[in-house]
Amino acid sequence: MPKLIETPTVIKAAGNKPKRIEEFVGHVNTGSSEISVAKMTSPQGWVEPGQAPEFMEITYVISGELHVEHNGGTLQVKSGQTVISEPNEWVRYSTPSEGGAEYIAICLPAFSPDSVNRDL
């Protein structure tokens, strides 16, 4: 039977400025370890620590621009575009542009603080 997720759970984000994470599906909101789906709202100037997560992350930018730094350079992911990072690939996300960004992150398996492997 289909399951309606009426509201997300807001989760505290890592980074230098407050970022809103609304988890719709995942460990916290639904108890799912297979997949997580979250909407992010990041302000201009937000930067998170680098990480090499043990999960695949698919990120769709709804509005604004998300920068994804990786070992080979930096991608500028604009509204309407998607970026995929593979498991154990080092990345660092930021929203340096005016207005920040709003985006959806899907993680397979689900995001977990224990498997994100943030830089120290």
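So, how was this worked out
- Residues numbered from 1 in each chain as written.
- Predicted model: local features only at pLDDT ≥ 70, side-chain atom pairs only at ≥ 80, totals over all residues.
- Heavy atoms only, no water.
- Helix = DSSP H or I, 4+ residues; strand = E, 2+ residues; numbered from the N terminus.
- Buried < 20%, exposed > 50% of the residue type's maximum accessible area, 1.4 Å probe, protein only.
- Core = buried A, V, L, I, M, F, W, Y, C linked by side-chain atoms within 4.5 Å.
- Contact = heavy atoms within 4.5 Å.
- Pairing = 2+ DSSP bridges.

Details of unusual backbone geometry
With an omega of -10°, the peptide bond between Leu-108 and Pro-109 qualifies as cis. With respect to the helices and strands, the residue Pro-109 is situated in the segment after strand E9 (101-108). Of note in this structure, Asn-88 is not a glycine but carries a positive phi near 70°. By relative accessible area, which is 54% here, Asn-88 ends up exposed. Positioned with a positive phi, Asn-117 is a non-glycine residue whose angle comes to about 50°. By the secondary structure assignment, Asn-117 is in the segment after E9. For Asn-117, a relative accessible area of 32% gives the class partly exposed.

Re the nonpolar core
Counting 15 residues, the largest nonpolar core has Met-40, Leu-66, Val-68, Val-77, Tyr-93 and Tyr-103 as its most contacted members. Secondary structure elements with two or more residues in this core: strand E3 (36-42), strand E5 (56-70), strand E8 (91-95) and E9.

Some words on the environment of Val-61
Structurally, Val-61 can be placed in strand E5. Its relative accessible area of 0% is what places Val-61 among the buried residues. Residues Val-61 and Ala-105, 44 residues apart in the sequence, show an inter-C-alpha distance of 8.8 Å. If we skip the residues at most four places from it in the chain, Val-61 touches Leu-66, Val-77, Lys-78, Ser-79, Gly-80, Gln-81, Glu-102 and Tyr-103.

Observations concerning the pairing of E8
For a regular strand, side-chain orientation follows a simple rule: the groups alternate between the two sheet faces. Where burial is concerned, most of E8 is hidden: four out of the five residues are buried. Examined bridge by bridge, strand E4 (residues 46-47) and E8 share two bridges and lie antiparallel to one another. When the sheet's bridge partners are listed, Trp-46 is paired in E8 with Thr-95. Both E5 and E8 contribute to a ladder of four bridges, which runs antiparallel. Residue Val-68 lies in a different strand from E8, and its bridge partner there is Tyr-93.

A short note on the pairing of E5
For E5 and E9, the ladder comprises eight bridges, and the chain directions are antiparallel. For Ser-63, the partnering residue across the bridge sits in E9 and is Glu-102. Relative to strand E7 (residues 82-85), E5 is paired through four bridges, and the arrangement is antiparallel. Each bridged residue has a counterpart across the sheet, and for Thr-59 the counterpart in E7 is Val-83. As paired strands, E5 and strand E6 (residues 73-78) are joined by six bridges and run antiparallel to one another. Looking at E6, one finds that Val-68 is bridged to Leu-75. From the end of E5 to the start of E6, which pair antiparallel, there are two residues.

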